[in-house]
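Observations on the three-dimensional arrangement
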Amino acid sequence: MKKTILTLTLLLTWIFTYGQDLTVTGTVSDATDGAPLPGVNIVLEGTMTGTTSDRDGNYEITVPADTSVLVFSYIGYETTQVSVDGRSNIDVQLVLETLEGSEELVVVGYGTQKKSLVTGSISTVDSESITGLPVTRAEEVLEGRTAGVTVLPTSGSPGAGMQVRIRGTGSNQSSQPLYIVDGMKTGDINHLSPNDVESIEVLKDAASSAIYGAEGANGVVLITTKSGNRRGTEVSYELQLGVQSAGDITQPMNADQYIAYMTAAGNDVSPSVSGTDTDWIEQTFEPAPFQKHYLSFSGGNEASTYLFSGSYTNQDGIAGGDKANFERYSARLNSTHDIKDWLQVGNNLSYTSFDRSTIAEDDEFNGVISNALMFDPTVPVTYGGSPPSIIRNALDDGNFPVQNSNGEYYGVSTNVFGEIVNPRAMFQTTKGSTNQDKLLGNVYARMTPIENLEVTSRIGVDYASQLYHTWTPTYWYSSERLNSATNVRDNQDEWYTWLWENFAQYQTSFEKHNVSFLAGFSGEKYTHKYLTTLSGPMFKEGDSFAQHGATEIEGQLSGNLAVEKQSSYWGRINYDFDDRYLLEIAFRRDGTSLLAEQNRWGNFPSVSAGWVLSSEDFWTTDVLTFAKIRASWGQNGSLSNLSPDQYRGLITTDGLRYPNNAGGYYTGAEPDILANPELKWETSEQTNFGVELRALSDRLQFTADYYVKITKDLLTPGAPPLSVGNDAPFVNAGDVTNKGFEFEASFSEYKRDFSYNIDLSLSFNNNEVTYLNPLLERVSGTQVGTGWTATYFEEGKPIWYFRGYATDGIFQNQAEINAYLSEQGISSEDYNPSPGDPIVVNSNGDNLINAEDMVQIGNPHPDMVLGANLNFNYKGVNLGVFLSGTFGNDVLMGWNRVDRGTSNRPAFFYEDRWTGEGSTNSWFAPDTESPYAYNSDLMVFDGSYVRVRNIQLGYSLPVSLLSEIGLKKAKLYVSLNNFFTFTNYPGVDPVAGSGNVQSLGIDRGVYPVSRSVMTGVSLSF
């Protein structure tokens, strides 16, 4: 009994002693100068217990007196862990964070490398740069943050795509880069939640992207998503709520200006409704809400890690409201599992579902915004009371004038006709949406059979099913734009890609030599099946009845199946001596089903080298802590502009039939597209020279690159003689050269409670078509309005430059006109201008003014692109400012119609008009139909701009408060987004986007990028 009592007493004493708390105090200081560091976070490892150091660097924390470990972290310094070991006083000195410690590795093709040893040109955007940004697409974060990369939205409407260009436009069709998400190729990253992104690497030169061979000609964007960690479970949540609005948009003429201008131009107009002056821009745009939620669970242990996340985004449009809505749900599961010491398996899987509704846009004929700019200001939005005669007559004729939800009829013009109608009525009749379900990801096994050898096998899937569903109601906008029969349309698309990759990497070192070998092979298959159905009339108008009936309708069904296959082999050797002399050689061989057998395989080599000067014995300066020069050369391919069987002679049966004896029809066939078995890869060859410098303990970093990128054998539609009678195949008919300079610089400073960092990017690019098939003088691009082909592809010019009449002022009087005609030898019967008309330059020097005088009048490509990101921190308060801009690019104002002479014009047409001799020499007299005014450089404006993309003010709660409420991190912030734009462009938006590369820089009434006020909260626990 006594022994039992004694044993229990000793046990209780040991337990009490072991579990006793210990108060630890100390001072945290800078290891360099011994200065005390205030605001250092001190946390008990594995818990939420923590504190911060005071203004003198002192701290106090109570922890268990066992094997506790304290974690000291501070912005700009390396995180330090210290074991307590029963000590009550622990002083800690923190070491300034260096690039070697925190940003050592960058993601490259099929692996990672030390940044200091990289010989290619790679730019990186990390998750810290993405957090809190009001973006719905991952591409948006690249704008202004990576030199040499331009990001242009195809539209400002919610969910719209992005045109990403790496080192200029290199193709006369698509110049989109290749996207790789966690090792899986995908054609679009609209599915990807920006919150899931851990880092984005942009492979800009041929050496860094050559490992992707046939698909790397336009650059490669590597996206790594977040993963779990082995330090325990963490839950994170972020909420963003905002209100969007339209910025400064050009105003069309008001009612008085409109009547005066049209009358002066010789058009017979009068107010549609007396006393009415409708601002159609104000009626078209309205505030719109935006919300985004993100929730993630991550963690792991010694054997496994996991991350599970979900996000939700909902955004209405500033034009159209819920008729221009984007809603997206996404979920992600990333995990790794160490099955054996030599075997790891894992997965990166994501599922996304989105619905996108759109209004008609980027269209000078049927676009809602272009209609708002061109519609009659003397028309009311709706008619109150009894409808006018124009509505009654339409009803009497059996038509269907459009009504709002209150039964009021929308206003109709007696001046403006054709496609140009009331934009509010267009909203009312807009139907339909696009739904897409997408699964993207891969599973992999990574083995280490022997030391230094790592073998990876992974299989990936990119599957998407998309349905565009819409129905057309009956309507009557005007006598020229009406619909009397309802119909239903369904466009079903299904894309499926599987990719199986196997590769091995072996690394070895001896003495000061370090060598890495990579080799791999892959197989890939892509299919796209589509089906289009159209039926009508509907049983009754309404969403509930917008389905196809049971009755088949002849000729209203179409579809096809496209199949592409590719096999690839690749290898890479990396060598460095003593981290000083660097060499990389890469090679890839790709075979594709898109080309004829003799051209099916392409070889894509690259070589790069670097010299780390700061590692040499002669490098004795303390100012520059790191210096490296590098150079690279390589080739990449592209087939993104080809569809299957383009090299073959295709046969069509479309519309071909002839009668048989039974009273039916035989199906006929004829050649459709001519064969071109000589078709081959579009190849990009690039040379790059770069320098990387760091100074002031790596707080100042600078990178500069010079490149020359030549895209050869551009895939161009052929132009056979008309006598051939068939569509031409694609041919390799052109070269495009992009060359320029890129600069990236950053500086950071950390002083006590205050810290800041500044990131700058600047790039210059010159774009030129350097070769075109001699059989082609130029290749025509896109039309503006009716009859003006405004863009061309021509040797010696920028790709898809603007072509039109050049002008040299305004004729002031008849004497000036007579002198001009006499000097040029032009007959007044062929060209008879009036005072106030533009002076057209007789470019070819003949005795005529006609289309042969059209020349280059603009260039849509910027000469310079800049970005600046500034962040300031004081204790828990953060202020961030981000801006970007372009210089030297032109924008063509393309919504002014000469075929609809009474359509409205911008107000500055009236305000700046020529009114008599000497009034102005820069703008013409009232005119609504002259091609010499509307198809000329007078419609081309400087598109340079600087836009303040984001101003964010945030506050992070201190660790001492977080530990009391059970949180690890908490930040509250508000931001202004796209609120300030500095530009001389008088149109809708200088960022004139388009999904058509041939229309780059043409403003057809573009859907503008919205500005917004947003508030957000970010939590983790």
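Residues numbered from 1 in each chain as written. Predicted model: local features only at pLDDT ≥ 70, side-chain atom pairs only at ≥ 80, totals over all residues. Heavy atoms only, no water.

A word on the overall build of the protein chain. Along the backbone of the protein chain there are 13 helices and 57 strands. Taking 2.2 N^0.38 as the reference for a compact globule, 1021 residues should give roughly 31 Å; the C-alpha atoms of the protein chain span a radius of gyration of 33 Å, in line with that estimate. Projecting the C-alpha coordinates of the protein chain onto the three principal axes gives extents of approximately 120 × 75 × 70 Å. Taking as baseline every contact in the protein chain between residues at least 6 positions apart, the subset at least 24 positions apart corresponds to 70%. As displayed, the protein chain has an accessible area near 44,600 Å², and 52% of this comes from carbon and sulfur atoms. Each charge class in the protein chain was averaged separately, 66 positive and 121 negative side chains, and the resulting centres sit 7 Å apart. (Helix = DSSP H or I, 4+ residues; strand = E, 2+ residues; numbered from the N terminus. Rg over C-alpha atoms; globule rule 2.2 N^0.38 Å. Contact = heavy atoms within 4.5 Å. Areas by Shrake-Rupley, 256 points an atom, 1.4 Å probe, with all protein chains shown as cover. Lys, Arg positive; Asp, Glu negative; His and termini not counted. Charge placed at Lys NZ, Arg CZ, Asp CG, Glu CD.)

Further remarks concern the side chain of serine 975. Turning to its location among the elements, serine 975 is positioned in strand β55 (residues 969–983). Polar contacts involving the side chain of serine 975 include one to the side chain of asparagine 977, which spans 3.3 Å. In contact with serine 975, not counting residues within four places along its chain, are Asn950, Ile951, Gln952, Ser1012, Val1013 and Met1014. (Polar contact = N/O pair within 3.5 Å; in protein donor to acceptor, adjacent residues only side chain to side chain.)

Pairing analysis gives 10 bridges linking strand β17 (residues 234–245) to strand β57 (residues 1011–1020), with the strands arranged antiparallel. Bridging across to β57, serine 245 finds its partner in arginine 1011. When β55 meets β57, the two strands line up antiparallel, connected through nine bridges. The partner of lysine 969 across the bridge, within β57, is serine 1020. (Pairing = 2+ DSSP bridges.)

What follows concerns the UniProt feature "domain: TonB-dependent receptor plug" (unreviewed entry) in the protein chain. With numbering aligned to this structure, UniProt lists the feature "domain: TonB-dependent receptor plug" (unreviewed entry) at residues 117–220. What you have in residues 117–220 is 8% helix and 29% strand, and the ends, taken at the C-alpha atoms, are 20 Å apart. (UniProt positions renumbered as here; feature names shortened; annotations may be inferred.)

Only a minority of non-glycine residues have a phi that is not negative, and only a minority of peptide bonds are not trans. For the bond running from glycine 536 to proline 537, omega is 0°, close enough to zero to count as cis. Following the sequence through the fold, proline 537 ends up in the loop between β27 (513–535) and β28 (557–577). Although it is not a glycine, aspartate 85 sits at a positive phi angle of roughly 50°. Its location among the elements puts aspartate 85 in the loop between β6 (80–83) and β7 (92–94).

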